[in-house]
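# Residue-level structure breakdown
Take a look at the letters that make up each chain.
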Amino acid sequence: MPVKWRRKQVSMETHESCGVFDVNGDGILDIVCGEFWYQGPDFRHMHRIGGIRREADYYDDFSTIALDISGDGRLDYVTGGWWGETLRWRQNPGEAGKEWSEHIIATTGSIETTRAWDIDGDGQLEIVPNTPGAPLCAYKLIRDAQGRGTGQFERIVISETPIGHGLGFGDVDGDGQGEFVTSTGILKRPASGSGPWTFTEELDIGGWDSSVPIIVADVNNDGRAELIVGRAHSYGLDWYSQSQQDGKRIWTRHPIDPFNAQYHDLIWADIDGDGLPELITGKRHRAHCGNDAGEADDLGIYYFKWNGEGFSKQVVAYGPLGVGKGCGIHFAVADLRGSGRLDIIAPGKDGLVIFFNEGN
């Protein structure tokens, strides 16, 4: 049975990124979105974080990645944007209403959005911005002898060659280590653990508008990793199966949903509680301010369930503005109520909405 949802409008603010974490240390999850954080458990109390650069109908704020960067026991977060060309973190002051100070991690070039992956297998997340037109780099938090963050980051160059729009990370070849997935190929970490990553050009999945992330997962339980890719600025959502031919990897495209547009952010998680992950995604409303294919179409958030042969689509919300809903550039899933079920937290230029998971 499909999951049932209860919708709660949190705010009409038009920020496109959110994160879910305990801001004030009370053991209750809060929502951080743009210039504000919303206090759980009812999310009615709105606290200001600080100003964010505005460009047309964008905010220069394309991720919300929680991490205790300062080492004081409070969760801060990492963001960055297209116009500022910097990767930044904002420091949790530990006091509601007090402005969160902003710190520059690095000048990176324009950032499409940012994700966090454990790229070296040490159990700690590295910060990886997708920077079309600039080298691909990861940023590792420098920790003290007690393992606490110092507020400083080490820059790790993955590829001096720009990789374009779209980025994923996961164990593509089954060797127990993760590889970076780009729109045209795979970047493999050197066996020594240091030095340049090796690039293999083997993909053609739309270099100008691939999703961030590109999901790496064993979708069909065949023991090999597959890829799931959205079209961030045009129509389409696909998965790619992996096979071998003459000792080379071959990728075969399979459509999931060719009829909807602007699948920019994807999450792979167990949304229906059956122990198996589903694909959760939706439209990024006004991704290019009205200039993308499908911009005038209805809005939707969906989850797609593997049925043994392909993906079955389940609607969370669909319809015109105010009825349907987009999910921005960096949305979240989290168990906000301790129900044991994952809720969907969807920011965007159409406001901030929670879809509470009422089970099936």
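Our structure's up above, just so we're on the same page.
Since the structure is predicted, the reported quantities are computational estimates derived from the model, not experimental observations.

Attention shifts here to the overall build of the protein chain. Scanning the protein chain from N- to C-terminus turns up 0 helices and 30 strands. Across its three principal directions, the C-alpha atoms of the protein chain cover 60 × 50 × 40 Å. Out of the 360 residues belonging to the protein chain, those deemed buried represent 54%. Long-range pairs, those at least 24 residues apart, make up 47% of the contacts in the protein chain between residues at least 6 apart in sequence. When the accessible area of the protein chain is evaluated, it comes to approximately 14600 Å², of which 48% is carbon and sulfur surface.

Before going further, it helps to examine the sheet that holds strand β26 (residues 299-306). Spatially, 4 strands are ordered β24-β25-β26-β27 in an open sheet, and the strand pairing comes out antiparallel. This sheet does not close on itself; its edge strands, each paired only once, are β24 (263-269) and β27 (311-319). Neighbour-to-neighbour, the strand axes of the sheet open up by a mean angle of 20°, direction not taken into account. Across 5 bridges, the pairing between β24 and strand β25 (residues 278-283) is antiparallel. Counterpart to Tyr263 in the pairing with β25 is Lys283.

Turning to empty space enclosed by the protein, a few remarks are in order. For the structure shown, the criterion picks out 1 cavity of 30 Å³ or more. If you add up the space inside the largest cavity, you get close to 40 Å³. As for the largest cavity, its lining consists of Asn260, Ala261, Lys283, Asp297, Asp298, Leu299, Gly300 and Tyr302. Per-element accounting of the lining of the largest cavity gives the leading share, 3 residues, to β26. By residue class, the composition of the lining of the largest cavity is 3 nonpolar, 2 polar and 3 charged.

Here we take up the sheet that holds strand β2 (residues 19-21). Strand order in the open sheet formed by 4 strands is β2-β3-β4-β5, with antiparallel pairing between adjacent strands. Here the strands that pair on one side only, and so sit at the sheet edges, are β2 and β5 (45-48). The mean angle between the axes of side-by-side strands here comes to 25°, regardless of whether they run parallel or antiparallel. Where strand β3 (residues 30-33) and strand β4 (residues 36-39) come together, 3 bridges link them in antiparallel fashion. Within β4, the position partnered with Ile31 by the bridge is Tyr38.

Here is what the cut-offs are and how they apply
Residues numbered from 1 in each chain as written. Predicted model: local features only at pLDDT ≥ 70, side-chain atom pairs only at ≥ 80, totals over all residues. Heavy atoms only, no water. Helix = DSSP H or I, 4+ residues; strand = E, 2+ residues; numbered from the N terminus. Buried < 20%, exposed > 50% of the residue type's maximum accessible area, 1.4 Å probe, protein only. Contact = heavy atoms within 4.5 Å. Areas by Shrake-Rupley, 256 points an atom, 1.4 Å probe, with all protein chains shown as cover. Pairing = 2+ DSSP bridges. Axes fitted to C-alpha atoms, helices over the stretch in contact; angles between N-to-C directions. 1 Å grid on protein atoms, 1.4 Å probe; cavity = no way out; pocket = protein on both sides within 12 Å on 5 of 7 lines; lining within 4 Å. Points joined across faces, edges and corners; volume = space filled by probe spheres on them. Nonpolar A, V, L, I, M, F, W, Y, C, P; charged D, E, K, R; others polar.

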